[in-house]
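# Structural overview for review
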Amino acid sequence: MTGRPILFEWTMAPGTGKPIELRAGQVLRIAQVEGGQCVDFNCFNLHDYREFMHCGRTRTVHGFNPSRGTFLWSAPPRERAMLYILADTYGRNDVLFPRCSAYLYESAYGFAAHTNCHDIQAEAQREYGLTPDDVHDSFNFFMCTEIGADGRATITRQTSRPGDHIDLLALIDVLAVPNVCGADVMRTSNFALKPIRLEVFAATPDELAAPPPVPALRSQRTPADFRNPTIKADRALRRDPAYRAEFVNAPIVETEVAVELTAEERALLREVAPDIYGDDEAAALRDVLFSWWEARFLQAASGAPAIAAK
Ligand SMILES: [Zn+2]
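Our subject in this report is the structure included herewith. (Residues numbered from 1 in each chain as written. Predicted model: local features only at pLDDT ≥ 70, side-chain atom pairs only at ≥ 80, totals over all residues. Heavy atoms only, no water.)

### Focus on the overall build of the chain
A count of helices and strands for the chain gives six helices and 14 strands. Per-residue burial over the chain gives 39% buried out of 310 residues. Intrachain contacts of the chain at a sequence separation of at least 6 include 76% that bridge at least 24 residues. Total accessible area on the chain stands at roughly 18200 Å², and carbon and sulfur atoms take up 55% of it. Taken as two groups, the 32 positive and 41 negative side-chain charges of the chain have centres that lie 4 Å from each other. (Helix = DSSP H or I, 4+ residues; strand = E, 2+ residues; numbered from the N terminus. Buried < 20%, exposed > 50% of the residue type's maximum accessible area, 1.4 Å probe, protein only. Contact = heavy atoms within 4.5 Å. Areas by Shrake-Rupley, 256 points an atom, 1.4 Å probe, with all protein chains shown as cover. Lys, Arg positive; Asp, Glu negative; His and termini not counted. Charge placed at Lys NZ, Arg CZ, Asp CG, Glu CD.)

Laid out in structure tokens, this is it:
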């Protein structure tokens, strides 16, 4: 209920998904109807399906349970912010678990046929000419997960209520594909499948201004930059006899750079550097400098303000 004109609305029945053309500046609301339902999600550049969402980057810069104020990124070498989470009234999402699949239910439960996110996604994407191999890693909305002391991720029950919703702002034109997760034999959706409400509306000026700026860099490449921009149309892999390797920056050239340290700096280095380097001061200095930069990188790369230099 935004009071704004609804451009598109749909209720996904259990066992289904829905591809939605979402233009830059539009908002997709994914809302609970009865509560307690996980929603799996795929996303493609509407004008080039080979650019698609990459949970790996999202997980690296925003953590395992991204929520309001974070981006959904595309895979390298595109690596662009595709969507921004404007609102998230429940605040529990997951980028650790893969989509559930037919094999999972057959191998773990013995079910020869069972609703599963992979096959639901594939059928929804078929409306746009994609194949089951085009389904990619899933962003899992309203999915409650945590990492145990043993390092393994587990699914916990969820308590989302009717009306709880996520608002996704499209930063580029995308094909957004949510589906009702097919898992009714796990805690994912509290052992029952429920419908999910979808609405599309235009973002307000305030919402359009909400995402923090993200760096636009030369390393974000498009097919115009590819040595091979042609999508392979057949399935078998065959060696190209004309291929000549052109790896970037290879062969690698190393140059020694002299760094003078004062006695005070040398003492400080001994104090802060890990002791794994022994007397190798160059290695210790490299470690300390890169550790400092790494902390700054994760902030800057996520669109968050960089931490102040000490
Ligand atoms: Zn699922």
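### Notes on the nonpolar core
Ranked by size, the top nonpolar core spans 30 residues in total, and within it L28, I30, F41, L83 and F141 carry the most contacts. Not counting residues up to four positions away in its chain, the partners in contact with F141 are I30, C38, V39, F41, L72, R92, N93, I166 and L168. Of all hydrophobic cores here, the second largest spans 10 residues; its members include V61, Y84, L86 and A203. (Core = buried A, V, L, I, M, F, W, Y, C linked by side-chain atoms within 4.5 Å.)

### A closer look at the pattern of salt bridges
Within this structure, the stated rule accounts for 17 salt bridges. Close ionic contact of R78 with E51 constitutes a salt bridge, the shortest N to O distance being 3.8 Å. One end of the pair, R78, is in the loop between strand 6 (71-73) and strand 7 (81-88); the other, E51, is in strand 5 (residues 48-52), with 27 residues separating them in the sequence. This pair shows no difference in class: R78 is buried, exactly as E51 is. When the shortest N-O distance is used, the salt bridge between R227 and E246 registers 3.5 Å. Remark: E246 occurs in the loop between helix 4 (205-208) and helix 5 (263-272) and R227 occurs in the loop between helix 4 and helix 5; sequence separation between them is 19 residues. (Salt bridge = Lys/Arg side-chain N within 4 Å of Asp/Glu carboxyl O.)

### Examining the coordination of the zinc ion
Binding of the zinc ion to the protein goes through C100 (SG), C117 (SG) and C181 (SG), at separations of 2.2 to 2.3 Å. Between consecutive donors of the zinc ion, the numbers of intervening residues give the motif C-x16-C-x63-C. Here C181 lies in the loop between strand 13 (174-180) and strand 14 (196-202) and C100 lies in the loop between strand 8 (93-94) and helix 2 (102-109), a separation of 81 residues in the sequence. With respect to burial, C100 and C181 carry one shared label: buried. (Donors = N, O, S within 2.8 Å, 3.2 Å for Na, K, Ca; no water.)

### Things to note about the side chain of K18
You can see K18 is positioned in the loop between strand 1 (8-12) and strand 2 (20-22). With residues near it in sequence (within four places) discarded, K18 still touches F8, W10, M12, A124, E127, A176, V177, P178 and L198.

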